[in-house]
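Below are the chains, spelled out letter by letter.
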Amino acid sequence: EEESKAEDVKVSKVTLNAESAEMTIGDTKKFVASVEPSNATNKTIIWSSTNEQVVAVSQDGTVKAVGEGNATIAATAVNGQYALINVTVKKEETPVTKVEVKDISVSPSTMTLALKKTKTLKVSVSPANATDKTVTYSSSNASVATVSSTGTVKAVAPGIAKIKVKAGSVVKSV
């Protein structure tokens, strides 16, 4: 009597619980592969990454983000059926600590200029590690004195004008 051999049921489809993923370097995610039909003889899935420098994958579907970039994870059945996940890995954003301007010193603190003469203000911002050390200048009376974006004051007519120097939230007048 001939033994009846069980029919080899081949995997017809592999599906994954995601089509794409965004990860940050150091993150780990586990993906799950399912095979159809559910009575397939050999349901073994082989996991692989197109770029191990970006994502590494273990044979249980655990993906570790190791470098910045893009890679594709493949879950492949032994008969060649497969499914893919596109993974984008980004660097972790380092929060920027904002250092506020605490003080500005302006030299000279007062000035008298002859008509058509110029003088450049010297400004120092503290602390030295302030995030934004941008200095802006303005004149209270541009018909008497003008000031350039670099702090050069020019006397254009007789009179009195205040030059306002601003860095961050700190304002000084000359």
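Only a predicted model underlies this, so the values are computations on that prediction, with no experimental measurement involved. (Residues numbered from 1 in each chain as written. Predicted model: local features only at pLDDT ≥ 70, side-chain atom pairs only at ≥ 80, totals over all residues. Heavy atoms only, no water.)

Q: Hey, could you run me through the sheet that holds strand E7 (residues 62-65) in this one?
A: Paired through their backbone hydrogen bonds, the strands of a sheet run either parallel or antiparallel. The strand order across the open sheet built from three strands is E3-E7-E6, with neighbouring strands paired in antiparallel fashion. Looking at the sheet topology across the chains shown, the edges are occupied by strand E3 (28-30) and strand E6 (55-57). Between one strand axis and the next, the sheet turns by 20° as a mean value, whatever way the strands run. When E3 meets E7, the two strands line up antiparallel, connected through three bridges. By the bridge assignment, Lys30 is partnered in E7 with Thr62. (Pairing = 2+ DSSP bridges. Helix = DSSP H or I, 4+ residues; strand = E, 2+ residues; numbered from the N terminus. Axes fitted to C-alpha atoms, helices over the stretch in contact; angles between N-to-C directions.)

Q: How do you make sense of the environment of Ala161 when you look at a structure like this?
A: Along the chain, the position of Ala161 falls in the loop between strand E15 (152-155) and strand E16 (163-167). Spatially, the C-alpha atom of Ala161 lies 75 Å from that of Ala33, the residues being 128 residues apart in sequence. Discounting residues that sit within four places of it in the chain, Ala161 has contacts with Ser139, Ser140, Asn141, Val144, Ala145 and Val174. (Contact = heavy atoms within 4.5 Å.)

Q: Got a minute to help me understand the side chain of Ser49 in this structure?
A: Counting through the fold element by element, Ser49 comes out in strand E5 (residues 45-49). Judged by its relative accessible area of 15%, Ser49 falls in the buried class. One polar contact links the side chain of Ser49 to the main-chain amide nitrogen of Asn51, over a distance of 3.1 Å. In this structure the side chain of Ser49 is engaged in a polar contact, spanning 2.8 Å, whose partner is the backbone oxygen of Val55. Not counting the four nearest positions on each side in its chain, Ser49 is found in contact with Val55, Val57, Ala71, Thr72 and Ile73. (Buried < 20%, exposed > 50% of the residue type's maximum accessible area, 1.4 Å probe, protein only. Polar contact = N/O pair within 3.5 Å; in protein donor to acceptor, adjacent residues only side chain to side chain.)

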